[in-house]
Amino acid sequence: MATENKQPKIWKTGTLTYTTAGIIALSFWMLWGDFVWSMKDRAIGPSSTLLFKQIIDSEFLYGLIIIAFPNFTNIFLQPIIGFVSDRHRGRLGRRIPFILFTTPFIVTGLFGLGLTKFLGTWLHGVCPDISLKTAMLIFFGISWVFLDFGTTLAGSLFNALANDVVPRELLGRFFGLFRLVSLGAGMIFNNYLIGLVESYTAWIFIGVGTLYGAGLLLLCTMVKEGKYPPPAELPPLPSGKKRNFLQTIAASTATYLRQSFSMPYYCWFMFATTVAVFSFMPINSFSIQYSKFLGIETATYGKFLVITYAFSLVLSYGLGVLADKFHPLRTGIAALIAYLILMVTGYFLIDKSTFPVIFILHGVISGCYFTFVASLSLKILPPALFAQFSSAIGIFSAVMYMITGPAVGKLIDKLGDYRYTLLIAAGFTLCGILLLFKVYRNFMKHGGDKNYKAPMPE
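All values derive from a computational prediction rather than experimental measurement.

**Section: the overall build of the protein chain**
So, point 1. Tallying secondary structure elements over the protein chain gives 17 helices and two strands in all.
So, point 2. The globule rule puts the C-alpha radius of gyration for 458 residues at 23 Å, and the 23 Å found for the protein chain is close to it.
So, point 3. For the C-alpha atoms alone, the extent of the protein chain along its principal axes is close to 75 × 55 × 50 Å.
So, point 4. When each of the 458 residues of the protein chain is scored for burial, the buried share is 53%.
So, point 5. Of the contacts formed within the protein chain by residues at least 6 apart in sequence, a portion of 84% connects residues at least 24 apart.
So, point 6. In the structure as shown, the protein chain presents an accessible area of about 20900 Å², 70% of it carried by carbon and sulfur atoms.
So, point 7. Side chains of the protein chain give 36 positive and 20 negative charges; the mean places of these two sets differ by 8 Å.

**Structural notes on the nonpolar core**
Grouped burial of nonpolar side chains is what soluble globular proteins tend to show.
So, point 1. One finds M30, V165 and Y266 to be the most contacted residues of the largest nonpolar core, which totals 127 residues.
So, point 2. Counting residues per element, this core draws most heavily on helix α1 (residues 20-55), at 13 residues.
So, point 3. For M30, the contacting residues outside a window of four places in its chain are F158, L161, A162, V165, F174, F178, L219 and V223.

**Quick notes on the confidence of the model for the protein chain**
Detail in the predicted coordinates should be disregarded across regions flagged by low pLDDT.
So, point 1. Residues of the protein chain with pLDDT of at least 70 account for 91%, and the chain-wide mean is 83.
So, point 2. Considering each helix and strand of the protein chain separately, the mean pLDDT is smallest for helix α2 (residues 59-87), with a value of 69, and largest for helix α12 (residues 328-349), with 95.

**Structural notes on the environment of G320**
So, point 1. Assignment of secondary structure puts G320 in helix α11 (residues 298-326).
So, point 2. The spacing of G320 and A162 is 158 residues in sequence and 15 Å in space, taken between C-alpha atoms.

**Structural notes on the environment of F83**
So, point 1. Tracing the backbone shows F83 in helix α2.
So, point 2. C-alpha of F83 to C-alpha of T255: the two residues are 172 residues apart in sequence and 9.4 Å apart in space.

**Structural notes on the packing of α1 against helix α10 (residues 281-293)**
Helix-helix packing is characterised by the crossing angle of the two axes and by the distance between the axes.
So, point 1. In the contact formed by α1 and α10, the axes pass within 9 Å of each other and the chain directions differ by 55°. One element, α1, and the other, α10, form an angle in the oblique class. In terms of crossing hand, the pair formed by α1 and α10 is right-handed. Residues P46, T49, L50 and K53 of α1 lie in contact with α10, whose contacting residues are I288, Q289 and K292.
So, point 2. Here the residues of the contact of α1 with α10 sort into three nonpolar, two polar and two charged.

**A short note on the side chain of S279**
So, point 1. The residue S279 is located in the loop between α9 (264-277) and α10 in this model.
So, point 2. Apart from residues no more than four positions distant in its own chain, S279 is found in contact with L336, Y339, A425, F428 and T429.

**A word on the pattern of salt bridges**
So, point 1. Within this structure, the stated rule accounts for six salt bridges.
So, point 2. Between D164 and R95 there is a salt bridge, with its nearest N and O atoms 2.8 Å apart. Residue D164 is located in helix α5 (residues 132-165), and its partner R95 is located in the loop between α2 and α3 (96-114); the two are separated by 69 residues in the primary sequence.
So, point 3. With its nearest N and O atoms 2.9 Å apart, the salt bridge here joins D324 to K379. Of this pair, D324 sits in helix α11 while K379 is found in helix α14 (residues 376-380), placing the two residues 55 residues apart along the sequence.
So, point 4. Each of R94, R95 and D164 takes part in one network of salt bridges that share partners.

**Overview of a nonpolar patch on the surface**
So, point 1. Together, I138, I142 and F146 make up a nonpolar patch on the protein surface, roughly 240 Å² of accessible area in all.
So, point 2. Positionally, I138 belongs in helix α5.

**Brief notes about the packing of aromatic side chains**
So, point 1. For the structure shown, the criterion picks out 27 aromatic pairs.
So, point 2. Considering the side-chain rings of F105 and F149, the 4.8 Å spacing of their centres and the 65° angle between planes classify their relative orientation as edge-to-face. With F105 in helix α3 and F149 in helix α5, the pair connects residues that are 44 residues apart, well separated along the chain.
So, point 3. Aromatic pair F278 and F428: ring centres 5.6 Å apart, planes at 55°, arrangement tilted. Separated by 150 residues along the polypeptide, F278 in the loop between α9 and α10 and F428 in helix α16 (residues 420-445) bring together distant segments of the chain. In terms of burial, F278 and F428 fall into one category: buried.

**Considerations on helix α4 (residues 116-126)**
So, point 1. For α4, every residue scored as buried is listed here: T116, G120 and L123. End-on view of α4: buried residues confined to an arc of 65°, all on one side of the axis. Those residues of α4 that are exposed and aimed more than 90 degrees away from the buried face are F118 and G125.
So, point 2. Looking at the buried side of α4, the elements it contacts are α1, α3 and α5.

**What about unusual backbone geometry?**
So, point 1. Phi is positive for H327, close to 85°, though the residue is something other than glycine.
So, point 2. Examined against the element boundaries, H327 turns out to sit in the loop between α11 and α12.

**Some details on the packing of α9 against α16**
So, point 1. Viewed as axis vectors pointing N to C, α9 and α16 meet at an angle of 150°, and their least axial separation amounts to 8 Å. Judged on the interaxial angle alone, α16 and α9 are roughly antiparallel. Of the two possible hands of crossing, α9 and α16 adopt the one that is left-handed. Two secondary-structure elements touch here, α9 through Y265, W268, F269, F271, A272, T273, V275 and A276 and α16 through F428, C431, G432, L435, L436, K438, V439, N442 and F443.
So, point 2. In terms of residue class, the contact of α9 with α16 is built from 13 nonpolar, three polar and one charged.

Calculation criteria
Residues numbered from 1 in each chain as written. Predicted model: local features only at pLDDT ≥ 70, side-chain atom pairs only at ≥ 80, totals over all residues. Heavy atoms only, no water. Helix = DSSP H or I, 4+ residues; strand = E, 2+ residues; numbered from the N terminus. Rg over C-alpha atoms; globule rule 2.2 N^0.38 Å. Buried < 20%, exposed > 50% of the residue type's maximum accessible area, 1.4 Å probe, protein only. Contact = heavy atoms within 4.5 Å. Areas by Shrake-Rupley, 256 points an atom, 1.4 Å probe, with all protein chains shown as cover. Lys, Arg positive; Asp, Glu negative; His and termini not counted. Charge placed at Lys NZ, Arg CZ, Asp CG, Glu CD. Core = buried A, V, L, I, M, F, W, Y, C linked by side-chain atoms within 4.5 Å. pLDDT = per-residue confidence, 0-100. Axes fitted to C-alpha atoms, helices over the stretch in contact; angles between N-to-C directions. Parallel < 35°, antiparallel > 145°, perpendicular 65-115°, else oblique. Left-handed = near helix turned anticlockwise from the far one by under 90°. Nonpolar A, V, L, I, M, F, W, Y, C, P; charged D, E, K, R; others polar. Salt bridge = Lys/Arg side-chain N within 4 Å of Asp/Glu carboxyl O. Patch = residues over 30% accessible without salt bridge, like charges linked within 9 Å, V, L, I, M, F, W, Y side chains within 5 Å. Phe/Tyr/Trp six-rings, centres within 6.5 Å; stacked < 30°, edge-to-face > 60°. Arc of directions from axis to C-beta.

Shown next, in the form of structure tokens:
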């Protein structure tokens, strides 16, 4: 008796169709892109902090320039790139052309940061009236603007690309793997490179910039987008005439605001996810300064991060599976409850001896949260307007960062004690838990796990 041929497994998303081999190839190149992006992100945070603190010692200016300024630009740039890329139709797709556009800005910014000390010394020599610190700060600022411009535009595009090319039933697993790769990049940087940043600044930044430029070009060459249905047209003019440039901008802005913010369901979601992420901001933004304040060497601080990432790496794929099984909202809320307990306890116990334990637990629990909710937006937001809604979330986040970054820095400058970052984190965490419960109730009203369909704005 002849045996039936087993049909190969097929995955589909939009007009794209994958065999098992196709999924493996897609996974490799998307994970490669995530590795390159993660190396940049993991390196820039501590490296730019250490470089900035070598130039000027002010937590208020740190909060203003490093935290607030990039989020000020987010308010304008992310909505533009989200709105335009959702509606773009081109030979290379709707995300890849814009990822290619942003890459030179990011590479230029990274190279500029690496050469900040050299260029600042040169400018001080040419213009002695400009102090050495001021000259370095000028080039740091210029490079930071280039890096911020490219990063702000590209930040939402990578997730939007994943939303377009990854089959929806695999999103949780994909983002679990993304988290694993990101953690691996963090372990490499913090184990081998963070202790060298202050001595080999130029080499670190230029090396990361070269890796990013070459890596993103490979990603954009190897990953192919499908075809998309025609974008929705802007409302016609009453006269029936074509719009001029200013009229097109005005109509696009009105459409963006109406679609993004007219539905309370999505407004609650944006606000809740933004506040939840802010649970981790005080520790993430000021932990390296806190460790130096306690007398902990930078290389030792890097080892703490490696331990954190090792725990998170082991957990990452399993957490992605749990998110797929129980839904990111439920698992994310559970992680925040654990984090609230840690922050309240840590506020009373933290000192030089307990800092490593509390800091590592902070990293593990916050990592669990980010892995749990990595696919949350993709499961809640309407796919046709994903980048647009992601940019709207960015507006919420940007406004809060602009306010809280300098405010927390000013508070630390005044009190001289980084311990209050834990108390601030606990406050954000409690608010995030309550808001996510509100989102969960709304989610269940729209069909819940089995019958959910993202409502479309008019």
